[in-house]
Every structure is written in C-alpha cells, then in structure tokens.
Protein chains: 2
Amino acid sequence: MDKEAFAISCFKSPFLGDDGAVVGDFVYSKDLFFEGTHFKKSWLTPFQIGQKAMLVNISDAIVMNAKPKFALLGFVMPKNLSQNEIAQISLGIKKTCKDYGIQVIGGDTIKGDKIGISVTIISRLEKKAVFRNGVKNGDFLAFTGHLGQSLKNLKTLLNGYEISSNSRFVKPILKGDFFYKSAKFINAAMDISDGLNSDLPKILNASKKGIKFIKKLSQNELKSGEEYEILFSFSPKNRTKIEQIAKKTRTKITIFAKATKGHYKTNAKSHHF
Amino acid sequence: MDKEAFAISCFKSPFLGDDGAVVGDFVYSKDLFFEGTHFKKSWLTPFQIGQKAMLVNISDAIVMNAKPKFALLGFVMPKNLSQNEIAQISLGIKKTCKDYGIQVIGGDTIKGDKIGISVTIISRLEKKAVFRNGVKNGDFLAFTGHLGQSLKNLKTLLNGYEISSNSRFVKPILKGDFFYKSAKFINAAMDISDGLNSDLPKILNASKKGIKFIKKLSQNELKSGEEYEILFSFSPKNRTKIEQIAKKTRTKITIFAKATKGHYKTNAKSHHF
C-alpha cells in the first residue's frame, strides 16, 4: 500500500471513496493543487494555475451530478510570488468561478515554499447523486473525450519543451453539459484524474465488479492522468439515449468494456509526475 | 498591504472577513496548518500535529456559535514521513474529531516537501451566528483565558528549548462550554489566532468602532498569537449574565476595554513565526 492509500485507510468512513461526500442535498469535495506535485511553475501561467486549481475541483462536483455553488480556498504563497502573480492566480480562480456560478465564501492564506491551492467546493444536488459504486453487471463502461493527450503533453513538459495553451493538461475541458443531461441514465461515474489504469479499479472495486474489454485501448489512453474526462457506466438499454445526448452536446464518448461479475486488479500506480 | 491581505483583497465577497462563512444553517470554515509556517516538526509529535490542525479549525466554528459536524482533510505528506507518523497524525485528527462529534467525510492526499494539513469544517447553526461586525457602541471588550503563554512558549521553542506538552501552543484549550452558553448575550466574537494587536483591528474595523482601554495589557498579552482564546464584545447590561456563565463553566474572562465611536488602527503584523 502506498502512503496516500495508507493515509486514507486511517480514516474509515462511509462517505469516503467518491469524488465528493453527499450530506443531505449537498456534495462536499476537496482537492489539493500544489506546485511540485501537480505542476511546475514554468509549465503554467499564474492565471492558468488558478484556473486549473478550480477546474479539477469542479470536475468532482460534476461527476457526482451536483452543481457547484460555493468555494473555500486555502492559498499557500511563496515569498518570491509577486503581487502581480497573486492577482493573476486570483483572476484565474475568479474567472472560473464566474463561469460556473460559484461564490468564493472563505479561505485562508499562508506563506510557504511553493504555490499551493487547496479548494473545497460545496455543491447542490438538484437531482440524484451519481456514485462510484453503482456499476451493474452487464453495464457498458465508457469515457468522454479523447484520452492520452495529457500524458503526451506532460512528457513534453518533462523533456523541457513547451506545450500549447490549448492543451487539456493546461485547461481541462469539463463535460458537464453531457453529464448533467445524461446522469439519469448513468449508474456510476468518476473523473479520470490518475489515468484509466488507476481509476478503473476504483470504480470497479467500489461496485464489486469485473471487466471485459470490448475495445483495445492504447497504453497512452490507459496511463494518461489529469484528463478530467468522465469514466461512467450505464445499462445497455440506455445506450441510445446516452448516444443521443452525447451527439446533442457534441461530446465524444467511447464505449470500451462491459462490467462483469468478479473483480479487477492492476498494480498500476497513480501518477502526477 | 502584505501579501496575505492582498490575496484576500483580490476576492471581494460579503462572506469574507469572519472565521467562517454562514450559508443557510451551515457555517463553513477552512484553515491551513503547515510545517514551516505554523510549526516545526521537532516542536510537536505527529499526534499533536493532527490534534492542533483540528483544534485551530474547530475554534473557528465555536466563535461563530456553530457546532462542527463534518470535516474534509487535505493532507500533504513528505516522502520521509513514516507510516507510523502518518498513523499518529491521523490518530490526533480522529481523536479530536471524536471529542467534538465530527465525522471526516472526504479529502485528498498528496506528496510534498513538508507536512501540511488543510481542514474544512462544516458546522451547523443551532442558534444565531455570531459575527465580527456586531460590536456596539459602549460594548465591553473581553477575552477568555490567559494570553501570553503561547508567545512565551514559541520564543522558548525558537531558542531551541523544549516546552511542556500542556502548553496552549501545543494544545489550545477551546472555550466552547462558555461560548455556546453565553452566545445569546454576545454581540461579536472571533478567536485570537494572530494576537490581540492584530485581531482587535479586525473585529473593530468590521464593526466600524474605536476602543478605549480600561485595563492595561502587557506587550506579551497583546502580541501573543495562536492562543485560540475568544475575543468578544457584549453590552454592559449583560455583564452579570456573562460573568455567571463564566463562573459556571470555570472560564476566566478579562474585560479590558470599551467600544467607542471612531476607528482603531495599528501597524501590528500578524505573526506565526
């Protein structure tokens, strides 16, 4: 067991294990976005740092079928961060909050060695929550968008080259339009943050299901993390409806497997870099 | 304006400026507790780190007159943190959560250079919230407990000596018993985290009031941060009730000033170390 899994195992709670915790009509989610773990300062502009910190957190709300409403921010600022950089990070956060109708209601700021943003999102459930543990036997497993670009771009960055500011690694394109409309036909979902190889076991183990691949995926597709595409499952009887909504919202979806009885295990490790 | 104040000024919101944000019947608060900013690893045992991370956050809920119910944790773990240390930090968190009836419902763990714990507390308002901006003209200003020990102990630590594990710097003694009972007679409150010199302007400026000292406080009392005692104001007509509750809950309170028309300003900087 790695340290992160061990730390989580120290806290036993029926709420843990999903992208967010459902309490009444609210969903609470929290993700850290830290320099050195999720990005290097040379990879993202200050605006993009603020923007991505929010988007990876909003992603958690979307896959639970909840509408993000409020945010609390914890902001760790290195001494050498200029006032202009602070303003730009804040702008990235505020612009993204505005796009999604989120109000920043509180937070904390401290000095530290590296940039760190801790975001808590408070979301409202207007319809039923979607969990990871809902995969049914015979369900199709699918994902939105294209997988692989994030890993490819990460490798480019690690080799010291630049990537396009349109890269999903810089700015994930969240699939809320598709997901909110199709959620009533979806049995289970999570966002792809660590890569399919790491995320598939999470949804399958939570649901106590195995898997039969019906489409071969490339290593690049399987390993690419920080995609913030949606991994989801649905009954074959809802396939037409799901595909119609995908078409209507111009969302590419790839059905790649069927859920089976049994269990699934890989030794894949989650990666950031 | 220092960087922390500047970062906060980037986010204008009617919710900001209190220890927690009130939304409906809930209060949301978030504080960071990070190695290098709030503590050195040699100063606190892993258990004490987890314990203090929770207590400084629970303090925010108490001074808003809200009961902490749920917590989300963001845990930054250095590579050299052992499994035993992780378990001990978790134990400090869990024990404190149990003492206060808090359920941990979610979080995130990442690797980093130093230990960092970001805590979000979701609290329920059973009665009226107490804010910082409620100080009335003529109100008494008071604080709970003794101030000064935390700064004294911090200086001892900075000089390389050890301090007692009973120190308030190690384990703040929260005054929930007194505050929940007396809140209906209290006009404004906040916890003393940065020191009276820094915290007084916050409550007075929020309330647009000045101050007339009726008791001389020592520099030690004025400068000592991380006390997590409560700074509060109340009408002279409630003095007897407040003093009765203080006696009943064995809480020392010190009335040290009266709120006046006007405004109050210091150049004091907030300190951790």
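Within every chain, residues take consecutive numbers counted from 1 along the sequence as written. Each chain is given a letter, starting from A, and each ligand a number, starting from 1, according to the order in which they appear as written. Two thresholds apply to this predicted model, a pLDDT of at least 70 for residue-level local features and 80 or more for giving and counting side-chain atom pairs, whereas whole-chain, interface and lining totals are computed over all residues. Hydrogens and water are ignored here; the side-chain numbers use all heavy atoms of the structure.

## Quick word on the nonpolar core
The test is simple: Definition of nonpolar core: a set of buried residues of the types Ala, Val, Leu, Ile, Met, Phe, Trp, Tyr and Cys, connected through side-chain atoms within 4.5 Å. Residue exposure (1.4 Å probe, protein chains only): buried if accessible area is under 20% of the type maximum, exposed if over 50%, otherwise partly exposed. Strands are runs of DSSP state E lasting at least 2 residues, helices are runs of H or I lasting at least 4, and numbering of each runs from the N terminus.
Counting residues in each nonpolar core, the largest one holds 56 residues, and the members touching the most others are M54(B), F75(B), I93(B), I117(B), F179(B), F232(B) and I242(B). For this core, the element with the most residues is helix α2 (residues 46–63) of chain B, which contributes 8 residues. V63(A), F75(A), I86(A) and F169(A) belong to the second-largest nonpolar core, a separate cluster that totals 55 residues.

## Looking at the interface of chain B and chain A
Note the cut-off: Any two residues having at least one pair of non-hydrogen atoms within 4.5 Å are treated as being in contact. Buried area counts how much accessible surface, traced with a 1.4 Å probe, disappears from two parts once they are put together, with both parts' losses summed. We define a salt bridge as a side-chain nitrogen of Lys or Arg found within 4 Å of a carboxyl oxygen belonging to Asp or Glu. Side-chain atoms alone can form a polar contact between residues adjacent in sequence; in general such a contact is a pair of N or O atoms within 3.5 Å, and within protein one must be able to donate a hydrogen while the other accepts it. The classification used treats Ala, Val, Leu, Ile, Met, Phe, Trp, Tyr, Cys and Pro as nonpolar, Asp, Glu, Lys and Arg as charged, and all other residues, Gly among them, as polar.
Across the boundary between the two partners, chain B contributes 52 residues, which contact 52 residues of chain A. Both sides together, the interface formed by chain B and chain A hides about 4700 Å², and carbon and sulfur atoms give 67% of it. Of all residues in chain B, K3(B), F11(B) and K30(B) give up the largest surface area on contact with chain A, accounting jointly for 16% of the area buried on that side. Scanning the region where chain B abuts chain A turns up 2 salt bridges. Residue D113(B) is joined to K114(A) by a salt bridge in which the shortest nitrogen-to-oxygen separation is 2.8 Å. Here chain B is connected to chain A by 19 residue pairs in polar contact (both at pLDDT 80 or more). Elements that contribute at least two residues to the side of chain B that touches chain A include exactly α1 (3–9), β1 (21–23), β2 (26–34), β3 (67–78), α3 (83–100), β4 (103–112) and β5 (116–124) of chain B. Among the elements that take part in the side of chain B that touches chain A, β4(B) stands out by supplying 9 residues, more than any other. Along the lines of polarity and charge, the residues of the side of chain B that touches chain A split into 28 nonpolar, 14 polar and 10 charged.

## Structural notes on the UniProt feature "domain: PurM-like N-terminal" (unreviewed entry) in chain A
Which entries qualify depends on this criterion: UniProt positions are given in the numbering used here, feature names are shortened, and annotations may be inferred rather than shown by experiment.
Listed under "domain: PurM-like N-terminal" (unreviewed entry) in the UniProt record, and renumbered for this structure, are residues 17–122 of chain A. The span residues 17–122 of chain A is 34% helical and 39% strand by assignment, and the distance between its end C-alpha atoms comes to 17 Å.

## Some remarks on the domain arrangement of chain A
Residues and elements named next belong to chain A. Spelled out, the test is: For every domain, the bounds stem from an assignment made automatically or drawn from a database.
Split into domains, chain A comes out as domain 1 (3–124) and domain 2 (132–260). Between domain 1 and domain 2, the contact holds 21 residues from the first and 20 residues from the second. Taken together, both faces of the contact between domain 1 and domain 2 bury some 2000 Å²; the carbon and sulfur share is 59%. Per-residue buried area on domain 1 facing domain 2 is highest for W43, K52 and I62; these three make up 31% of the total on that side. One salt bridge in this structure joins D19 and R132, with 3.2 Å as the shortest N-O distance. Inspection of the domain 1/domain 2 interface yields 6 residue pairs in polar contact (both at pLDDT 80 or more).

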